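Report on the structure
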Amino acid sequence: MSYLTKIVAFERDKLRKQILMYGKNYIFKRERLNEYKEPTGEVDVVSPVFGIYHDTFGGYTSRQIAEGAVVAKNQTPMIVCLLEDATLLHVDDFVKIGNEKYRIISLDNVNNLNYAVEISLEVLNKDGVQKVFDRCF
């Protein structure tokens, strides 16, 4: 067994223990499509995923206001889970966390080591449109 394989196995086991200790079960759903790939309005449960929710700082969102610029912080909600738990998920699947509905915008294999997945989420409002947070600092 190579040194890298041992490290990946150690990191996977460490993450598994953290998820078991602090994680939560999230039920991901997907809109059912007809034969023309159009949504039918029905929803299917895709997969339960046991993971840890966290926010990461995703950079800055800036916009011009008259003669000055306003810069707002932009947080990206994410769930980290083991790779085998996320095999059935796709971009545009959604999950409800608390009172908010989130849509998957990306599934990233952490460091391409095939043990963990970062599920990047986008907050949706009732119409399915991304919420825009206009906060001036």
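Residues numbered from 1 in each chain as written. Predicted model: local features only at pLDDT ≥ 70, side-chain atom pairs only at ≥ 80, totals over all residues. Heavy atoms only, no water.

**Details of the confidence of the model for the chain**
Which entries qualify depends on this criterion: Per-residue confidence from the prediction method is given by pLDDT, with values spanning 0 to 100. Counting from the N terminus, the helices are DSSP H or I runs at least four residues long and the strands are E runs at least two residues long. The criterion used for residue contact is that any of the two residues' heavy atoms lie within 4.5 Å.
Considering every residue of the chain, the mean pLDDT works out to 83; 79% of them sit at 70 or more. Of all secondary-structure elements in the chain, the lowest mean pLDDT belongs to strand 3 (residues 68-82), at 75, while helix 1 (residues 3-22) reaches the highest, 94. Throughout residues 129-137 the model reports pLDDT below 50, and contacts reaching past four residues in sequence, or to other chains, amount to 17 contacts.

**A word on helix 1**
Here is the rule we go by: A helix is expected to span 1.5 Å for every residue after the first. For every residue, the accessible area obtained with a 1.4 Å probe (protein chains only) is divided by the maximum for its type, and the residue is called buried under 20%, exposed over 50%, and partly exposed between those limits. By arc we mean the arc of the directions from the helix axis to the C-beta atoms, nothing more.
With 20 residues, helix 1 should reach 28 Å at 1.5 Å per residue; the first-to-last C-alpha distance of 29 Å fits that figure. For helix 1, the set of buried residues is Val8, Leu15 and Ile19. Down the axis of helix 1, the sector holding all buried residues measures 40°, keeping them to one side. Exposed and oriented more than 90 degrees from the buried face of helix 1 are Tyr3, Phe10, Leu20 and Met21.

**Digging into the nonpolar core**
Quick note on the threshold: Among the buried residues, those of types Ala, Val, Leu, Ile, Met, Phe, Trp, Tyr and Cys that are joined through side-chain atoms within 4.5 Å form a nonpolar core.
The biggest cluster of nonpolar side chains holds 16 residues, and the ones touching the most others in it are Phe28, Ile79, Leu89, Val95, Ile97, Ile119 and Leu121. Elements supplying a minimum of two residues to this core: strand 1 (24-33), strand 2 (39-65), strand 3, strand 4 (94-97), strand 5 (100-109) and strand 6 (116-124). Broken down by element, the residue count for this core peaks at four residues, all from strand 6. Excluding anything up to four places from it in sequence, Val95 contacts Tyr26, Ile27, Phe28, Glu100, Lys101, Tyr102 and Leu121. Counting seven residues, the second largest nonpolar core, distinct from the first, contains Val8, Val80, Leu82 and Ala116.

**Quick look at the layout of surface pockets**
Selection criterion: We place a 1 Å grid over just the protein atoms. Points where a 1.4 Å probe fits but has no way out form a cavity, open points with protein on both sides within 12 Å along at least 5 of 7 lines form a pocket, and any residue with an atom within 4 Å of a point lines it. Grid points are joined across faces, edges and corners, and a volume is the space filled by probe spheres set on the points.
Looking at the second largest pocket, its volume works out to about 160 Å³. Lining the second largest pocket we find Arg30, Glu31, Leu33, Pro39, Asp92, Asp93, Phe94, Lys101, Arg103 and Leu124. For the lining of the second largest pocket, the secondary structure elements donating two or more residues are strand 1 and strand 5. For the lining of the second largest pocket, the element with the highest residue contribution is strand 1, accounting for three residues.

**Side note on the side chain of Ser47**
Assignment of secondary structure puts Ser47 in strand 2. Excluding residues that lie within four positions of it along the chain, Ser47 makes contacts with Tyr26, Ile27, Phe28, Asp85, Leu88 and Leu89.

**Some points on the pattern of salt bridges**
To keep it simple, the criterion reads: The salt bridge criterion pairs a side-chain nitrogen of Lys or Arg with a carboxyl oxygen of Asp or Glu, the two atoms within 4 Å.
If you walk through the whole model with that rule in mind, you get nine salt bridges. With its nearest N and O atoms 3.3 Å apart, the salt bridge here joins Lys14 to Glu11. Taken together, the residues Lys14 and Glu11, both in helix 1 and three residues apart, mark about one turn of the helix. Look at Glu11 and you get partly exposed, because its relative accessible area is 25%. Residues Arg32 and Glu42 are paired through a salt bridge, measuring 2.4 Å at the closest nitrogen-oxygen approach. Note that Arg32 is positioned in strand 1 and Glu42 in strand 2, a separation of ten residues in sequence. The partly exposed category is assigned to Glu42, whose relative accessible area is 40%. One connected set of salt bridges, linked through shared partners, spans Asp13, Arg16 and Lys17.

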